[in-house]
Amino acid sequence: MDIINNENNLQFEYHDNEEVARLEYRFYKNNIAMMHTVVPERMKGRGVASALAEKAFAFAKEKKKKVMVYCPFVSKYVKKHPELREQINREYHPNL
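Now for a description of the structure that goes with this document. The residue numbering used here restarts from 1 in each chain and proceeds along that chain's sequence as written. Where local features are concerned, this predicted model is filtered to residues with pLDDT of at least 70; where side-chain atom pairs are given and counted, the filter is 80 or more; whole-chain, interface and lining totals use all residues. The side-chain numbers reported here are obtained from all heavy atoms of the structure, hydrogens and water having been left aside.

A separate point is the sheet that holds strand β5 (residues 66–69). When DSSP finds at least two bridges between two strands, those strands are taken to pair. Counting from the N terminus, the helices are DSSP H or I runs at least four residues long and the strands are E runs at least two residues long. The five strands lie next to each other as β1-β2-β3-β4-β5, forming an open sheet whose pairing is mixed. Looking at the sheet topology across the chains shown, the edges are occupied by β1 (3–6) and β5. Pairs of neighbouring strands in the sheet enclose a mean axial angle of 30°, with direction left out of account. The contact rule is simple, with two residues in contact once any of their heavy atoms fall within 4.5 Å. Between N-to-C directions, angles span 0 to 180 degrees; the directions come from axes that are lines fitted to C-alpha atoms, helices contributing only their stretch in contact. Against the sheet, helix α1 (residues 48–62) makes contact with β1, β2 (11–16), β3 (19–28), β4 (31–38) and β5, and its axis sits at roughly 30° relative to β3, the strand it touches most. Along the sheet, helix α2 (residues 72–80) contacts β3, β4 and β5; its crossing angle with β4, the most-contacted strand, is approximately 110°.

It is worth spelling out the packing of aromatic side chains at this point. Pairing of aromatic rings covers Phe, Tyr and Trp, the last through its six-membered ring, and needs centres within 6.5 Å; plane angles under 30 degrees mean stacked, over 60 mean edge-to-face, and all others mean tilted. Throughout the structure, instances matching the rule amount to eight aromatic pairs. Measuring from centroid to centroid gives 6.3 Å for Y28 and Y92, while their planes differ by 80°, and the two rings are edge-to-face. With a gap of 64 residues between them, Y28 in strand β3 and Y92 in the segment after α2 connect regions that are remote in the sequence. Remark: exposure states derive from per-residue accessible area (1.4 Å probe, protein chains only) relative to the maximum for the residue type, with buried under 20%, exposed over 50%, and partly exposed in between. In this structure Y28 comes out as partly exposed when scored by relative accessible area, which is 38%.

Within the chain, L10 stands out as a residue other than glycine whose phi angle is a positive 50°. Structurally, L10 is set in the loop between β1 and β2. Here the phi dihedral of K29 falls at roughly 50°; this positive angle occurs in a residue that is not glycine. Mapped onto the secondary structure, K29 falls in the loop between β3 and β4. Owing to a relative accessible area of 66%, K29 belongs among the exposed residues under this scheme.

The element β2 is extensively covered by neighbouring structure, given that five of its six residues are classed as buried. In this structure, β1 lies alongside β2, joined through four bridges in antiparallel fashion. When the sheet's bridge partners are listed, I4 is paired in β2 with E13. Where β1 hands over to β2, the hairpin turn is made up of four residues, of which L10 adopts a positive phi near 50°. As paired elements, β2 and β3 share six bridges and run antiparallel to each other. When the bridges of β3 are listed, F12 appears paired with L23. If you look at the hairpin formed by β2 and β3, you'll find two residues sitting between the two strands, and N17 has a positive phi there, around 55°.

Next comes the structure, spelled out in structure tokens:
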């Protein structure tokens, strides 16, 4: 799946014809905050949101940024992938 980082809009994107799935992020202090994931209805059930989250965590690791999780989907994703917990900023998310 070809996920791009749209740095101008601060979001990871997956394009399928005219539709765009996205995971929005923001930079805060020395962290990256995962804000919101949107997947169009016809893309649901294909692993698009998971691919966006995977790309976002790889980007955070590459940039040596801890992750702050505000997006409910990303929170669930981290719970399913405990290996990512080391990337979470524990000050903001002690229970993840």
